[in-house]
Amino acid sequence: MFFYQRNAGGSVEEVSFSEVVTFGESNMIKSLKISQTRVEAVLQEGWTGTGEEKQTKPLPKTDDGRNITRISASYMLYDGFVDWALKHVNSEVTFENSTASDALIGVLTWILPFVFFLVLWFFFIRQMQAGGNKAMMFGKSKAKLLTGSQKKITYIDVAGCDEAKEELQEIIEFLKEPQKFQRLGGKIPKGVLLMGPPGTGKTLLARATAGEANVPFFSISGSDFVEMFVGVGASRVRDLFEQGKKNAPCIIFIDEIDAVGRHRGAGMGGGHDEREQTLNQLLVEMDGFESNDGVILVAATNRPDVLDPALLRPGRFDRRVVVDLPDVKGREAILKVHTARVPLSQDVDLPSIARGAPGFSGADLANMVNEAALLAARKGKKMVFRADLEDAKDKIMMGAERRSMILSEEEKRNTAIHESGHAVVAALIGEADPVHKVTIIPRGRALGVTIQLPLDDRRSYTATYLENRLAILMGGRIAEELFLNQTTSGASNDIEVATNITKQMICDLGMSKAIGPICLREGNNQPFLGRDYNRAQATSEKTAQIIDAEVKRLIDEADARARKILTDNRDIVETMAEKLLDIETLNDWQVEQLLARQPVTLTNPKHDPQAKPHISEGGSDPKPKPGLGVLPDPPPLAQT
Ligand SMILES: Nc1ncnc2c1ncn2[C@@H]1O[C@H](COP(=O)(O)OP(=O)(O)OP(=O)(O)O)[C@@H](O)[C@H]1O
Ligand SMILES: [Zn+2]
C-alpha cells in the first residue's frame, strides 16, 4: 500500500520520487513527462513477474476509492533516470520545458550560480582594468593627498641637504608656473629619483618641495603597489596617475620605489609576476604623460643599485639627486631644527653633540632629541640637559640597555675582561677611532659593548686603519684567552665582522698583495650588473683558495698584534675589568685615566660637573646603530 497525499487539483496525486520508481518497476507507467525538476506519470494497470507468475497490479486508489491515474513527484535531473525511464515506461517518455514555477525553481537552482559567478567575474575584470569602482577600493591607489589641512612643510624644516635643495629648485619653479616653461619650450624632467641611506630626509625633502611650490603632494609607498590580488598593483599605478593629472600641477611621491622597481627578471624564477606587471604599468604611465601636464614624479630609494635600468632611462627618472648622511654642519643644523621647540639647558652645546654623532642620519638625530626629551621628562626635569642627550645618543647607538637581563657573576666577569680587551687594543694600537664608551650593561643582543667614535666624518679608510680594526675586534677574544684561560661564545659577532672586513679588503678594496687591485666583490653592490650567483663563475677555484689564505693571514696578523698589546699591558686590562665590574660603564675620560694609570673619577674633569652616574632606563630596543657608511657594508662600531 502506498500513502497518497491529495493534491489540490484532485486529479494528479503528489507522490515521492521513489514511488514513481516503484510504479515504473511494476510496469504501471504508461507515459512519463520529465521536466527539469519534476516528473509526471500517467498510470495504467500493471504487472509483476513473467509467464506463470505474472501478477496483475491494480491502479492505486485514493482514500475515497477513486482510481489514481496521474502522479507527479519532484526530483533532480540526473542522467541515470532518463535511461531508467526509457526502459521502464511502456509507451512514451517526453521531455518537457517545465511549467512556470518549475522554470523558476530551475533558474534558481541552476542558472543563478552561473549568473552570480559571471557577475563576480565581470566585476573583478572591471576592477583590474578600469582602476576600480567606487564601492570597493582594490584598485584605488592608496596615495595620500597632503594639502592645506596638514602643516605645510618647506625647506626651512629640512636642514642641510643644500645640494639636493638646489637641484630641486628648478622643479619648484616649474611647478609654480608651468606655462612659463611651456612657452619657452624648456624641457623639465618628468621624474626625480632621490637616493640615499634610510632616514636622511628624502620623504621630508619631497614634501617640502611640494610645500615650496605650493602644490598638492600625493604620497604612496612602493610596497602599497604590491598586493595579494593580481593586477591590483597595475591598476593602482593607473589610478595614481589619473589623480595626479586631475590635480596638476602637483607632485606624486613614491617612497621605497625599489619595492616595485627591482630589476625585472632578477627574482628567482624570473617570469611575469605581479610586481613586474606593476613596474611595466609604471613605465607605461611615465611614457604616457608629458611633463607639461604639470605632474612631477618624485621617487625615493636607498637601493638605487637594484632598480630596473628601464626606470632610469631618459624621459623617466632622468634626474637623480643624492641625499647623503649629514656632515657635522648638517647634523648641527638638523639638531637646531628639532630642538627648536624643546627647552634646552645652558649646558647643551649643539655643535659638540653634532661632532659626537658621526654617521647619524637626520632621523637618528630627530629620534635622539625626542628620546632625550622623554628621558628628561621621566626624571621630572623642566628642561633637557646635556646628559639626557648623551644618554639618548648611547641608546640609539648601542640599542636600549637591558638592565632586566640578569647575568651571573661569571658572565659579568667574562664580559668585563672581553670588553677591556677591545678597549685597550683600541686605545693603544695607534691609528684608530678613540674609545667613546665601554659598558657591561647588556644592550640589544650584546652582553657588553665597546664604542669607538671617529673624531670627524670619515669618507675613506686606510689599510692600516682596517688592519687595526681587525686587531681591535680580536682583542676581546684574546683577552678572555689570556686572562681567563678560555674562550666563550661571546666573540662570535666579532669574528663575523672581522671576517667580513678581511673579505672586503681583499676582494673589494685591493688591499691584499696576493690578489692585487681586482674587484672580486661579493653581493650585488654593482649597479645593474652583478648578482651573487654570477660570482661563482667569476672567481676561479684557484683565486678562491688565495682569498681564503689571505683571510687567514690577515686575521692571524691581527691576532698576534692584539695579543702583544694585551700582554704588554696586563695591568691596565685587569684594572679596567675591575672598574667595569664596579661601575659598569666607562666613559672616554675614564678610559684615558685608566691608560695613564691614574685614579678614575666619576665626573669628567674637563667638563663642568653635570652629575653623570649613568642612569637610564631599559626598554624595548631599537636597532643598534652601527654608524659610518663608506664601506659597502659598514662595520658596526659596537663590539661585543
Ligand atoms: N635634513 C633633515 N632635516 C630635518 N629633519 C630631518 C632631516 N632628515 C631627516 N629628518 C628627520 O627624520 C625623519 C625621517 O626622515 P624621512 O622619512 O624623510 O627619511 P627618508 O630618507 O625618507 O627615510 P626612508 O628611506 O627610511 O624612507 C623626518 O621626519 C625628520 O624628522
Ligand atoms: Zn667583542
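Source: prediction; values computed, not measured.

Now for the sheet that holds strand S15 (residues 449–452). Reading across the sheet, the three strands line up as S15-S14-S16 and stay open at both edges, with antiparallel pairing between neighbours. Of all strands in the sheet, those with a lone pairing partner are S15 and strand S16 (585–587), marking the two edges. Along the sheet, successive strands turn relative to each other by an average axial angle of 10 degrees, direction set aside. In the sheet, strand S14 (residues 435–439) pairs with S15 via four bridges, with the strands oriented antiparallel. Each bridged residue has a counterpart across the sheet, and for Thr 439 the counterpart in S15 is Val 449.

A few words on the packing of helix H11 (residues 328–339) against helix H13 (residues 362–378). Packed helix pairs are characterised by how far apart their axes lie and by the angle those axes make with each other. Remark: H11 packs on H13, axes separated minimally by 9 Å, with the N-to-C direction vectors making an angle of 40 degrees. Here H11 is positioned oblique relative to H13, judged by the angle of their axes. Crossing angle aside, the handedness with which H11 passes H13 is right-handed. Contacts between H11 and H13 involve Arg 331, Ile 334, Leu 335, His 338 and Thr 339 from the former and Gly 362, Leu 365, Ala 366 and Val 369 from the latter. Here the residues of the contact of H11 with H13 are counted per class, giving five nonpolar, three polar and one charged.

Here we take up unusual backbone geometry. Here Cys 161, not a glycine, exhibits a phi torsion of approximately 50 degrees, which is positive. Inspection of the secondary structure assignment puts Cys 161 in the loop between strand S8 (144–146) and helix H4 (162–176). In this structure, Glu 584 takes a positive phi of about 70 degrees despite not being glycine.

What follows covers the packing of aromatic side chains. Scanning all chains against the criterion turns up two aromatic pairs. Taken together, a centroid distance of 5.7 Å and an interplanar angle of 25 degrees make the contact between Phe 217 and Phe 253 stacked. Of this pair, Phe 217 sits in strand S10 (residues 217–221) while Phe 253 sits in strand S11 (residues 250–255), and the two are 36 residues apart along the sequence. Note on Phe 253: relative accessible area 1%, which makes it buried. One residue, Arg 570, lies across the ring of Phe 483, its end atom 4.8 Å from the ring centre.

So, about the pairing of S11. Counting buried positions along S11 yields five of six residues, so the element is predominantly enclosed. In this structure, S11 lies alongside strand S12 (residues 295–301), joined through five bridges in parallel fashion. Looking across to S12, one finds that Phe 253 is bridged to Val 298.

What follows concerns the packing of H4 against helix H6 (residues 202–213). One way to put it is that H4 packs onto H6 with a least axis distance of 9 Å and a crossing angle of 40 degrees. The orientation of H4 relative to H6 falls into the category oblique. Relative to H6, the crossing made by H4 is right-handed. On the side of H4, the interface is formed by Ala 164, Lys 165, Leu 168, Ile 172, Leu 175 and Lys 176, while H6 contributes Leu 205, Thr 209, Glu 212 and Ala 213. Taken together, the residues of the contact of H4 with H6 sort by class into six nonpolar, one polar and three charged.

With that settled, the discussion passes to the site of ligand 1. For ligand 1, the set of nearby residues contains 18 residues, the closest of which are Ala 159, Gly 199, Lys 202, Thr 203 and His 338. Within the contact set of ligand 1, an oxygen atom lies 3.0 Å away from a backbone nitrogen or oxygen of Leu 204. Protein chains bury 77% of the 630 Å² of accessible surface belonging to ligand 1 in isolation. At the level of elements, H6, H11 and H13 are the ones that each hand at least two residues to the shell around ligand 1. Looking at which domains feed residues into the shell around ligand 1, each of domain 2 (144–322) and domain 3 (328–397) gives three or more.

Another point: the UniProt feature "binding site: Zn(2+)" (unreviewed entry) in the chain. When the UniProt feature table is mapped to this numbering, "binding site: Zn(2+)" (unreviewed entry) covers His 418, His 422 and Asp 494. On the basis of their most widely separated C-alpha atoms, the annotated residues across 77 residues gather in one place, lying no more than 10.9 Å apart. By secondary structure assignment, the location of His 418 is in helix H15 (residues 409–428). You can call His 418 buried: its relative accessible area is 3%. Locating Asp 494 in the fold gives a position in helix H17 (residues 492–507). A distance of 3.0 Å separates the side chain of Asp 494 from the side chain of His 418, its partner in a polar contact.

Take a nonpolar patch on the surface next. Together, Ile 111, Leu 112, Val 115 and Val 119 make up a nonpolar patch on the protein surface, roughly 330 Å² of accessible area in all. Here Leu 112 shows up in helix H3 (residues 100–130). Of the residues examined, Leu 112 reaches a relative accessible area of 42% and is grouped as partly exposed.

Attention now goes to the environment of Ile 440. The residue Ile 440 is located in the loop between S14 and S15 in this model. Look at Ile 440 and you get buried, because its relative accessible area is 5%. Apart from residues lying up to four places away in sequence, Ile 440 is in contact with Leu 407, Thr 415, Ala 416, Glu 419, Leu 447, Gly 448, Leu 580, Leu 581 and Glu 584.

Taken as a whole and judged by the stated rule, the model has 24 salt bridges. Notably, a salt bridge pairs Asp 287 with Arg 316, separated by 2.8 Å at the nearest N-O pair. Remark: Arg 316 occurs in the loop between S12 and strand S13 (319–322) and Asp 287 occurs in helix H10 (residues 274–288); sequence separation between them is 29 residues. The buried category is assigned to Arg 316, whose relative accessible area is 11%.

Turning to helix H21 (residues 588–595), a few remarks are in order. The complete set of buried residues in H21 reads Trp 589, Gln 590, Val 591, Gln 593 and Leu 594. On the buried face of H21, the contacting elements are S14, helix H20 (570–583) and S16. Following H21 by one or two positions, Arg 597 adopts a phi angle in the positive range, close to 55 degrees.

Basis of the calculations
Residues numbered from 1 in each chain as written. Chains lettered and ligands numbered in written order. Predicted model: local features only at pLDDT ≥ 70, side-chain atom pairs only at ≥ 80, totals over all residues. Heavy atoms only, no water. Pairing = 2+ DSSP bridges. Helix = DSSP H or I, 4+ residues; strand = E, 2+ residues; numbered from the N terminus. Axes fitted to C-alpha atoms, helices over the stretch in contact; angles between N-to-C directions. Parallel < 35°, antiparallel > 145°, perpendicular 65-115°, else oblique. Left-handed = near helix turned anticlockwise from the far one by under 90°. Contact = heavy atoms within 4.5 Å. Nonpolar A, V, L, I, M, F, W, Y, C, P; charged D, E, K, R; others polar. Phe/Tyr/Trp six-rings, centres within 6.5 Å; stacked < 30°, edge-to-face > 60°. Buried < 20%, exposed > 50% of the residue type's maximum accessible area, 1.4 Å probe, protein only. Lys NZ or Arg CZ within 6 Å of the ring centre and 35° of its normal. Near = heavy atom within 4 Å. Polar contact = N/O pair within 3.5 Å; in protein donor to acceptor, adjacent residues only side chain to side chain. Areas by Shrake-Rupley, 256 points an atom, 1.4 Å probe, with all protein chains shown as cover. Domains from an automatic or database assignment. UniProt positions renumbered as here; feature names shortened; annotations may be inferred. Patch = residues over 30% accessible without salt bridge, like charges linked within 9 Å, V, L, I, M, F, W, Y side chains within 5 Å. Salt bridge = Lys/Arg side-chain N within 4 Å of Asp/Glu carboxyl O.

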